[in-house]
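# Geometric and topological summary
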Amino acid sequence: MSRILLVSNRLPVTVKVEHGEVLVTRSPGGLATGMKGPHERSGGLWLGYPGDIARLAPDQRTALEARLEELRYVPLHLSSGEVSRYYEGFSNGVLWPLFHYLLDRIPLGDRDWESYRRVNERFAELVAAHYREGDVVWVHDYQLMLVPGMLRKKIPNARIGFFLHIPFPSAEVFRILPWRAQILEGLLGADLVGFHTLSYMRHFASALLLVLGFEADVDRIYTEGREVRLGAFPMGIDAAALSTLAGSAEVEAEAQAIRQPGQHILLGIDRLDYTKGIPRRLLAIERLLEREPSLRGKLRLVQVTVPSRTNVEAYQGFRSQVDELVGRINGAYATVHSVPIHSMYRSFNERQLASLYRAADVMIVTPLRDGMNLVAKEFVASRTDEDGVLVLSELAGAASELGDALVVNPYDIGEVAAAIKRALVMPEAERRTRMQNLRRRVLQNDVHGWARSFLETLEEQNESMSAGGLA
Ligand code: F6P
């Protein structure tokens, strides 16, 4: 097996300094969690940003760097200016809303592109410095879309894969970006460009035609004497591990303690991000309580929002918008014994999350757009009791695989409210059949199979090229 050099903006652990104390926490999001297994098995390196290391005292920093080295993590340090321009400004201020079709969230300024380009160059240099003949380089996500092209110039024969963890938008939306050509050229430096769904892949192919005039031959394109393959690889989770944890006696006892007799538990778990559809989800609960007085006092939405990108402008006002809605709905519908929205703004560990998944009657995953959404899959993997209903946005990549969920348009508050009601009254036999079908999918198509199939496609292609398949 070749050594894999994983490259992502963030390492799977993030260092923070709080009140003089060094905290090393698990990085949020599906990418960090999903790539852990492939990294452990390949014996390769993982290159990325480790967090706030610059603020550490010299001895703390040395100790931390030794720990990262043991884990085969190679840190790329970013200055505070780079974090503010490359990460907060361009990646999360511009690309993130654009790729999620939320154009009014894009700020007016255009000063951060240069920093994005420079940090991508720094990543490419670091990869090149660690590269050994025969390695496979696997670059991840929208923060690093120029890296494949930059690396191709430095190491022309390297095997380079790129996977996009967020949606690739329609070409008509993508074309808005002033640097659209540079981004596409950057991605074409890879041998294989992977997406979660076929529709993202088609959008990418249309963008190539619209912006660069390049025509893809179904799933491949020829450029500068090279073949670039395109593919849909729907990402999964470590379903077996989560199933085992969720089926443990400890988790079962915790879930039991969360449930209350005579009360339905609805569950939402998201990073606090405006793409996740939290305000409309809250409005759907409000609509349901308005229309169904018999449910008042009998349902509770446990909403976990994990702090995220707190320095990005669009995220700052968003938190108070959510808090205000929670306050309004609770003010109107709380009883002496219950509140309809039980909102928590913090991170939870895996065991606590598994207990919440097990305790829920209905899981509500209603992003306005989402590349995949692994929370929906985590809920399914946790339901070893084969019960519980998933309400899922049709605008999440996961909807193309999880047809046995109640699939809704997250912008349609009435439809979401009706789906929650339907979930609450669904006969047990139907709940079980749906959950069994969902579980089959999620357990079969797990993160290990996902990584394997991406890497095998990447290897295959190189073998056919070295066998003289291409000029
Ligand atoms: O999956 C999208 C993504 O942006 C990942 O690239 C990232 O690791 C995760 O969400 C969390 O976001 P951030 O690293 O900005 O906290």
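These numbers come from a predicted model, not from an experiment.

Reading the values: rules and limits
- Residues numbered from 1 in each chain as written.
- Predicted model: local features only at pLDDT ≥ 70, side-chain atom pairs only at ≥ 80, totals over all residues.
- Helix = DSSP H or I, 4+ residues; strand = E, 2+ residues; numbered from the N terminus.
- Rg over C-alpha atoms; globule rule 2.2 N^0.38 Å.
- Buried ≥ 20, exposed ≤ 12 C-beta atoms within 10 Å, placed from the backbone.
- Contact = placed C-beta atoms within 7 Å.
- Pairing = 2+ DSSP bridges.
- Axes fitted to C-alpha atoms, helices over the stretch in contact; angles between N-to-C directions.
- Core = buried A, V, L, I, M, F, W, Y, C linked by C-beta atoms within 7 Å.
- pLDDT = per-residue confidence, 0-100.
- Left-handed = near helix turned anticlockwise from the far one by under 90°.
- Nonpolar A, V, L, I, M, F, W, Y, C, P; charged D, E, K, R; others polar.
- Right-handed = clockwise from strand over helix to strand, strands pointing away.
- Parallel < 35°, antiparallel > 145°, perpendicular 65-115°, else oblique.
- Expected span 1.5 Å × (residues − 1).
- Bend = angle between axes of the 7 residues up to and from the residue.

Let's shift gears to the overall build of the protein. Along the protein, the regular secondary structure elements total 18 helices and 15 strands. In terms of overall dimensions, the protein is globule-like: its C-alpha atoms have a radius of gyration of 23 Å, near the 23 Å expected for 471 residues. Its C-alpha atoms give the protein principal-axis dimensions of roughly 70 × 55 × 45 Å. Within the span of the protein, comprising 471 residues, buried residues form 46% of the whole. Long-range contacts, defined as pairs at least 24 residues apart, comprise 78% of the intrachain contacts of the protein with a sequence gap of at least 6.

Let us look at unusual backbone geometry. Positive phi is not limited to glycine here, since Glu 224 has a value of about 45°. Along the chain, Glu 224 falls in the loop between strand E8 (220-223) and strand E9 (226-232). Positive phi, normally seen in glycine, also occurs at Arg 309, with a value near 45°. Position of Arg 309 relative to the elements: it lies in the loop between strand E11 (299-306) and helix H13 (313-333). Its 20 C-beta neighbours within 10 Å are what place Arg 309 among the buried residues.

Extensive coverage of helix H15 (residues 374-382) is indicated by the burial of nine of its nine residues. Those residues of H15 not exposed but buried are Leu 374, Val 375, Ala 376, Lys 377, Glu 378, Phe 379, Val 380, Ala 381 and Ser 382.

What follows covers the sheet that holds strand E15 (residues 406-408). An order of E12-E11-E10-E13-E14-E15 is seen for the six strands of this open sheet, with the pairing classed as parallel. With partners counted over all chains shown, the strands left at the sheet margins are strand E12 (341-345) and E15, one partner each. Pairs of neighbouring strands in the sheet enclose a mean axial angle of 20°, with direction left out of account. Across two bridges, the pairing between strand E10 (residues 264-271) and strand E13 (residues 362-365) is parallel. Residue pairing across strands places Leu 266 opposite Val 362, the latter belonging to E13. In the packing of helix H16 (residues 413-425) onto the sheet, the strands contacted are E10, E13, strand E14 (389-393) and E15, and the crossing angle to E15 comes to about 170°.

Now for the nonpolar core. Grouped together as the largest cluster of nonpolar side chains are 137 residues, with contacts concentrated most on Val 7, Leu 390, Val 391 and Ile 420. Apart from the residues within four sequence positions on either side, Leu 390 is in contact with Met 363, Val 365, Ala 376, Phe 379, Val 380, Leu 402, Ala 405 and Leu 438.

Our focus in this paragraph is the confidence of the model for the protein. Across the protein, the average pLDDT comes to 94, with 97% of residues at 70 or higher. Contacts from residues 466-471, a stretch scored under 50 in pLDDT, to residues over four places away or in other chains number four contacts. The ipTM for the predicted assembly is 0.96, set against a pTM of 0.95.

As a packed pair, helix H12 (residues 278-291) and H16 sit with axes 8 Å apart at the nearest point and diverge in direction by 65°. Relative to H16, H12 is oriented so that their crossing is right-handed. Across from Arg 280, Arg 281, Leu 283, Ala 284, Arg 287 and Leu 288 in H12, the residues of H16 making contact are Ile 413, Gly 414, Val 416, Ala 417, Ile 420 and Lys 421. The residue inventory of the contact of H12 with H16, partitioned by class, reads seven nonpolar, one polar and four charged.

By the criterion of burial, E14 is predominantly enclosed, with five of the five residues buried. In E14, alternate side chains face the same way, and those of Val 389, Val 391 and Ser 393 on one face and Leu 390 and Leu 392 on the other are all buried. Relative to E14, E13 is paired through four bridges, and the arrangement is parallel. Paired with Val 365 across the bridge in E14 is Leu 392. Chirality of the crossover, the property in question, places the unit of E13, H15 and E14 among those that are right-handed. Two elements, E14 and E15, share three bridges in a ladder whose sense is parallel. The residue bridging Leu 392 from the neighbouring strand is Val 407, located in E15.

Contact pair H12 / H13: the axes reach a minimum separation of 10 Å and the direction vectors enclose 10°. In terms of orientation, H12 lies roughly parallel with respect to H13. Here Ile 278, Pro 279, Leu 282, Ile 285, Glu 286 and Leu 289 of H12 lie close against H13, whose contacting residues are Gln 321, Val 322, Leu 325, Val 326, Ile 329 and Tyr 333. Class assignment of the residues belonging to the contact of H12 with H13 gives a composition of 10 nonpolar, one polar and one charged.

Tracing the chain through its elements places Val 380 in helix H15. Between the C-alpha atoms of Val 380 and Leu 438, which are 58 residues apart in sequence, the distance is 6.6 Å. Among residues more than four places away in sequence, those in contact with Val 380 are Leu 390, Leu 438, Arg 439 and Val 442.

This brings us to the environment of Glu 394. Take Glu 394: it is sitting in the loop between E14 and E15. Of the residues examined, Glu 394 has 16 C-beta atoms within 10 Å and is grouped as partly exposed. Counting along the chain gives 19 residues from Glu 394 to Val 375, while the straight-line C-alpha distance between them is 15 Å. If sequence neighbours within four positions are ignored, Glu 394 has contacts with Ala 399, Val 407, Val 408 and Asn 409.

Between its terminal C-alpha atoms helix H4 (residues 80-99) stretches only 25 Å, short of the 28 Å expected from 20 residues at 1.5 Å a residue. By the largest-angle criterion, Ser 91 marks the main kink of H4, which is about 35°. A positive backbone phi angle near 65° is found at Tyr 101, which sits one or two residues after H4.

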